[in-house]
Amino acid sequence: MDNQQTSLESSLGCGLLGCAGDMILGFLGGGVLLIVLSLAVAVLSPDPALPASAGFSDLQLTVREDFLNRFVQTSAAGNVRVDILPGGQFNLIFDSSVTLSGVSVPVQITGLFEIQLNGQTVELRLLDTAISGVTLPVELTGFFDDSLSEVNEELDIALNDISTTLGVPLILVNLGSDDATFWLEASEAR
Amino acid sequence: MNRWGCFGLTVGGLTGLLLVMLFLVWMRQMASAPMEPQLAPLPVADVTLSLSESSLSRFATDMLKTPTRIDLEPGGQIEITTRTSLGQWRPVVCLGMSLGMQGADVVSQLRWVQLGFLRIPARWLPQSIINAGALPGQTITQQTPAEFEVVGLQTTSDSIEFQLNWIGP
């Protein structure tokens, strides 16, 4: 009876010892196996694929009216302000004064401009000019021509700068405005 | 080996493997825990620039000269998957990063590295790898035109949006 009891305790002891030992072995072996398998999976994995285009433009640029006002006020002499209108249009308003017979009379020159996509460039053009509310025929507004060419060149340069920074040519897909912001959307030429 | 020995061996082996599994789960949870920097609400800015995930991936591929995929998640979370050198091997690794603002700087922070199915928290990695996690934030800061400063950023599952203020020439 005593021998049977001793044999059972010995077997149980062996079992518990095996259990503890193998738990450590299982943990260490599993850990090593995991590291080796992880490395193998990582080495054998194919190169990561670029994500598919989500169906909208790759780049969207939004410019606010406040910024444009500050920008033109530092760039232009006098009191100039921008009023963005929906449909890619904006008013450029220049407040000045003229002296008539020794009397200073306030004058407001307003140019209505449209900015639109022309192929792969952004083009700014003059739609209408008014002096103190009186609309001038477009033929009489040639004084804007030089400035327009200059602005159009600067817009081209700015787009080229963005393209250079991104390291890829851009395809312009949309240009628009609401009453406070302009936006431009472009996709990468792939 | 007697009956109890076999039983002990089986139970021990299974328990050991279970512990490994639990360790893996714990490590993944620890690596995924949110970390600073957090994104602040976006201010109203002069200019907003939004770039798609595919555009960023192409940009990163060109910069690193190896196929690189960038996956964006809301809250400034970014996953960068690329092939890198590890001794004599070139495994594909996935880096989990956080992107946020710290004052006027864009900062990025490495959170974890995934190698195969092993996700290692950043705190267990060498300092040189942790420091390399700051590279995306530094690149964004360097690519920002001098006339502008970044005042905010936000990520969605498809794109990253930068808020820029004009500071003049």
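About the cut-offs
Residues numbered from 1 in each chain as written. Chains lettered and ligands numbered in written order. Predicted model: local features only at pLDDT ≥ 70, side-chain atom pairs only at ≥ 80, totals over all residues. Heavy atoms only, no water. Helix = DSSP H or I, 4+ residues; strand = E, 2+ residues; numbered from the N terminus. Rg over C-alpha atoms; globule rule 2.2 N^0.38 Å. Buried < 20%, exposed > 50% of the residue type's maximum accessible area, 1.4 Å probe, protein only. Contact = heavy atoms within 4.5 Å. Areas by Shrake-Rupley, 256 points an atom, 1.4 Å probe, with all protein chains shown as cover. Lys, Arg positive; Asp, Glu negative; His and termini not counted. Charge placed at Lys NZ, Arg CZ, Asp CG, Glu CD. Pairing = 2+ DSSP bridges. Buried area = accessible area lost by both parts, 1.4 Å probe. Salt bridge = Lys/Arg side-chain N within 4 Å of Asp/Glu carboxyl O. Polar contact = N/O pair within 3.5 Å; in protein donor to acceptor, adjacent residues only side chain to side chain. pLDDT = per-residue confidence, 0-100. Axes fitted to C-alpha atoms, helices over the stretch in contact; angles between N-to-C directions.

Caption draft 1: How the structure looks around the overall build of chain B. Counting secondary structure elements, chain B contains four helices and eight strands. Written out in order from the N terminus, the α and β elements of chain B read α-β-α-β-β-β-β-β-α-α-β-β. By the compact-globule yardstick of 15 Å for 169 residues, chain B is too spread out, its C-alpha radius of gyration being 21 Å. Considering only C-alpha atoms, chain B reaches an extent of 85 × 35 × 30 Å along its principal axes. For chain B, buried positions account for 46% of its 169 residues. Here the contacts in chain B between residues at least 6 apart in sequence split such that 49% fall between residues at least 24 apart. Surface exposure of chain B reaches about 8,700 Å², of which carbon and sulfur atoms provide 63%. In chain B, 10 positive and 12 negative side-chain charges are present, and the distance between their average locations comes to 20 Å.

Caption draft 2: Quick look at the pairing of strand E3 (residues 77–83) of chain B. Residue and element names in this part refer to chain B. Of all seven residues in E3, five are buried, a share of seventy percent or more. Examined bridge by bridge, strand E2 (residues 68–73) and E3 share six bridges and lie antiparallel to one another. Note that in E3 the partner of leucine 72 across the bridge is isoleucine 78. Adjacent in sequence and paired antiparallel, E2 and E3 are bridged by three residues, among which glycine 75 carries a positive phi angle near 85°.

Caption draft 3: Fine view of the interface of chain A and chain B. On the chain B side, the residues contacting the 49 residues of chain A number 51 residues. Carbon and sulfur atoms make up 68% of the surface buried where chain A meets chain B, a total of about 4,200 Å² over both sides. When residues of chain A are sorted by the area they lose upon contact with chain B, Leu34, Pro48 and Pro51 of chain A head the list and together hold 14% of the total. Inspection of the region where chain A meets chain B yields three salt bridges. Among the salt bridges present, the one from aspartate 47 of chain A reaches arginine 83 of chain B, with a minimum N-O distance of 2.5 Å. Our count for the chain A to chain B interface comes out at 17 residue pairs in polar contact (both at pLDDT 80 or more). Sorting the residues of the side of chain A that touches chain B by element identifies helix H1 (2–44), strand E1 (59–64), helix H2 (65–75) and helix H3 (145–166) of chain A as the ones contributing at least two each.

Caption draft 4: Focus on the confidence of the model for chain A. Overall, the predicted model of chain A reaches an average pLDDT of 82, with 85% of residues at or above 70. The lowest-confidence element of chain A is strand E6 (residues 134–136) of chain A, averaging 75 in pLDDT; the highest-confidence one is E1 of chain A, averaging 92.

Caption draft 5: Expanded view of the sheet that holds strand E3 (residues 89–100) of chain A. Residues and elements named next belong to chain A. Pairing is antiparallel in the open sheet, where five strands are placed in the order E2-E3-E4-E5-E6. Bordering the open sheet on either side are strand E2 (79–85) and E6, each of which pairs with just one other strand. In this sheet, adjacent strand axes meet at a mean angle of 30° when their direction is disregarded. In terms of strand pairing, strand E5 (residues 121–131) meets E6 through three bridges, oriented antiparallel. Paired with alanine 130 across the two strands is threonine 135, which belongs to E6.

Caption draft 6: Summary view of the environment of isoleucine 80 of chain B. Residue and element names in this part refer to chain B. Locating isoleucine 80 in the fold gives a position in strand E3. What makes isoleucine 80 buried here is its relative accessible area of 12%. Considered as a pair, isoleucine 80 and phenylalanine 59 are 21 residues apart in the sequence and their alpha carbons are 12 Å apart. Excluding residues that lie within four positions of it along the chain, isoleucine 80 makes contacts with Thr68, Arg69, Ile70, Val93, Cys94, Leu95, Met97 and Pro136.

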